[in-house]
Amino acid sequence: MEERQGVTHHVMDHVDWTDTYDMQRFAREAQTAIDDILRRGKVPIIIGGTHYYLQNLLFHNKTVGAEVKRTRPITEAERAILDGPGDQLWPALQQVDPVIAEKFHPQDHRKLRRALEIYYETGAAPSQLYRDQKLEELEQSSLKFNSLLFWVYSDREVLVPRLDARVDKMMASGARDEIREMYQVYQQSGASDCTSGVWQVIGFKEFLPWLESGEASGDAWAEGIERMKSRTRQYAKYQVKWIKRLLGVELQKEARFNWVNGGKMYLLDATDLSQWSTRVRDRGVAIASEFIARSPITEPQAPPHLEHILPSEEYLATITSGKTLEGARQWKHFQCDICKDSHGNPLVSVGEEQHRLHMKSRRHRSTKHKLEKQRLGQRPYAAPKRTNSKLLTDDDDVNET
Ligand SMILES: [Zn+2]
């Protein structure tokens with residue numbers, strides 16, 4: 001309580017151990033508190049917590065690639081195509097939807113079959129459905145609110161001892177009673193393990209051996225603390241991964257709206273606590289003031305020495321390529337003039353980028369080399385030798401170079 005320094009906290013300490021508390025309830029309660037705070041002309045601040053709770057609160061739940069509405073049954077003739085030979089699939093798709101056909105490799109039977117199936121079931125061109133879905137996805141920000149995010153960051157070398165110290169402090173200030181209280185409820189609830197509900201929280205099941213020994217063993221208590229520390233460290237690691245890989249990336253996509261919906265994440269460096277007032281407090285206040293005044297934020301997202309922690313341009317490019325309408329423009333087949341696939345047909349790459357990679361690949365260079373040798377060699381009329389490499393598809397790693 002003394003940590004809260006008189007700031008009103010909402011949606012906290014209001015749930016009994018016996019209550020089931022889930023994401024839906026949290027989202028509902030948090031939303032009510034947010035609406036109430038906004039109505040009073042104030043700015044709600046959301047702190048810490050479990051990251052998937054936060055995700056659910058901040059972002060619209062968009063299920064991309066969701067189900068397609070069937071409007072007609074598949075005819076026998078269509079079924080015959082779907083179940084027929086794989087090399088008939090691409091020509092069949094090409095006939096009904098030449099745009100989407102260019103997106104798939106002729107040997108990517110699974111995707112071709114799925115696209116044809118969509119067409120047969122809906123009568124709509126898969127490329128149009130894809131486009132509608134992408135447009136919807138691109139036109140709307142994923143964020144529910146105009147949000148500003150802070151990541152109070154610490155290097156792991158200092159974070160670990162800090163987390164350990166926090167556990168020690170909790171254990172010294174009444175956590176033991178809380179654990180005993182939970183254990184009573186646990187016993188009454190008839191729960192047989194800690195795999196569900198509140199029993200999963202960090203700081204209960206670690207102490208079960210101690211509780212079950214009748215609190216007799218001081219060693220069991222100390223071991224419980226060690227287990228709790230180790231689980232806290234793992235959790236912190238997982239959180240960092242989530243911020244970097246999911247939250248950071250999702251937010252960075254807001255760049256396409258020039259951040260008019262907010263969503264920029266700012267790193268505050270709390271590694272050196274003696275610099276807290278400048279690196280965390282002052283910088284945080286400066287950023288927040290500009291955000292609240294709705295003026296452009298002049299501070300960089302990360303101090304120079306932490307820039308590498310934000311998702312890089314290159315990483316974002318790998319995530320968004322093929323997932324935007326830009327990607328749709330890339331749908332085009334490219335044939336290599338000299339390489340053949342395992343059927344003896346000209347090798348096909350989907351998209352200019354894949355083609356470019358192929359032209360640089362070891363495979364292509366080796367075909368070229370063999371052809372040149374044959375041209376100069378004693379058997380000028382010999383057919384070019386086929387390579388046995390697999391075809392390139394969407395999912396293949398093409399970094400052969
Ligand atoms: Zn080639």
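Let me begin by describing the structure that accompanies this report. (Residues numbered from 1 in each chain as written. Predicted model: local features only at pLDDT ≥ 70, side-chain atom pairs only at ≥ 80, totals over all residues.)

**Re the overall build of the chain**
Across its full length, the chain carries 15 helices and four strands. Counting only residues that meet the buried cut, the chain has 16% of its 401 residues in that class. Of the contacts made within the chain by residues no fewer than 6 positions apart, 63% connect residues no fewer than 24 positions apart. (Helix = DSSP H or I, 4+ residues; strand = E, 2+ residues; numbered from the N terminus. Buried ≥ 20, exposed ≤ 12 C-beta atoms within 10 Å, placed from the backbone. Contact = placed C-beta atoms within 7 Å.)

**What about helix α6 (residues 109-122)?**
Since there are 3.6 residues in each turn of an α-helix, residues three or four apart along the chain are aligned in direction. Across its 14 residues, α6 extends 20 Å between first and last C-alpha, which sits within 8% of the 20 Å expected from 1.5 Å per residue. Among the residues of α6, those classed as buried are Leu112, Ala115, Leu116, Tyr119 and Tyr120. The arc that holds every buried residue of α6, seen down its axis, measures 135 degrees, which confines them to one face. (Expected span 1.5 Å × (residues − 1). Arc of directions from axis to C-beta.)

**Some points on the environment of Arg114**
With respect to the secondary-structure elements, Arg114 resides in helix α6. On the basis of neighbour count, Arg114 is assigned to the partly exposed category, with 14 C-beta atoms found within 10 Å. Placed 32 residues apart in sequence, Arg114 and Leu82 show a C-alpha to C-alpha distance of 8.8 Å.

**Notes on helix α8 (residues 156-189)**
Spanning 34 residues, α8 covers only 38 Å between terminal C-alpha atoms, well under the ideal 50 Å at 1.5 Å per step. Helix geometry: α8 is bent most strongly at Gly174, by close to 75 degrees. Taken residue by residue, α8 has Val167, Ile179 and Tyr186 as its buried positions. Two residues or fewer past α8, Gly190 is found with a positive phi of approximately 75 degrees. (Bend = angle between axes of the 7 residues up to and from the residue.)

**Examining the environment of His305**
Here His305 shows up in the loop between α11 (276-292) and α12 (313-320). Taking the number of C-beta atoms within 10 Å as the measure of exposure, His305 has 9 and is therefore exposed. On a C-alpha basis, the gap between His305 and Asp269 in space is 9.7 Å, while along the polypeptide they are 36 residues apart.

**A few points about the packing of helix α4 (residues 89-96) against α6**
Following both chains from N to C, one finds α4 and α6 inclined at 40 degrees, their axes separated by 9 Å at the closest point. In the packing of α4 onto α6, the handedness of the crossing is left-handed. Of the residues in α6, those in contact with Leu89, Trp90, Ala92, Leu93 and Val96 of α4 are His109, Leu112, Arg113, Ala115, Leu116 and Tyr119. (Axes fitted to C-alpha atoms, helices over the stretch in contact; angles between N-to-C directions. Left-handed = near helix turned anticlockwise from the far one by under 90°.)

**Points about the pairing of strand β2 (residues 262-269)**
Here β2 lies mainly inside the structure; six of its eight residues are buried. Inspection of the sheet shows strand β1 (residues 147-153) paired to β2 by seven bridges, in the parallel sense. Across the sheet, residue Leu149 finds its bridge partner in β2, namely Met265. (Pairing = 2+ DSSP bridges.)

**Regarding the pairing of strand β4 (residues 346-350)**
The side chains of a regular strand alternate between the sheet's two faces. With four of five residues buried, β4 lies mostly within the body of the structure. Of the pairings in the sheet, the one linking strand β3 (residues 333-340) to β4 comprises four bridges and is antiparallel in character. Residue pairing across strands places Gln335 opposite Val348, the latter belonging to β4. The antiparallel pairing of β3 with β4 creates a hairpin that spans five residues between the two strands, and Gly344 there sits at a positive phi of about 85 degrees.

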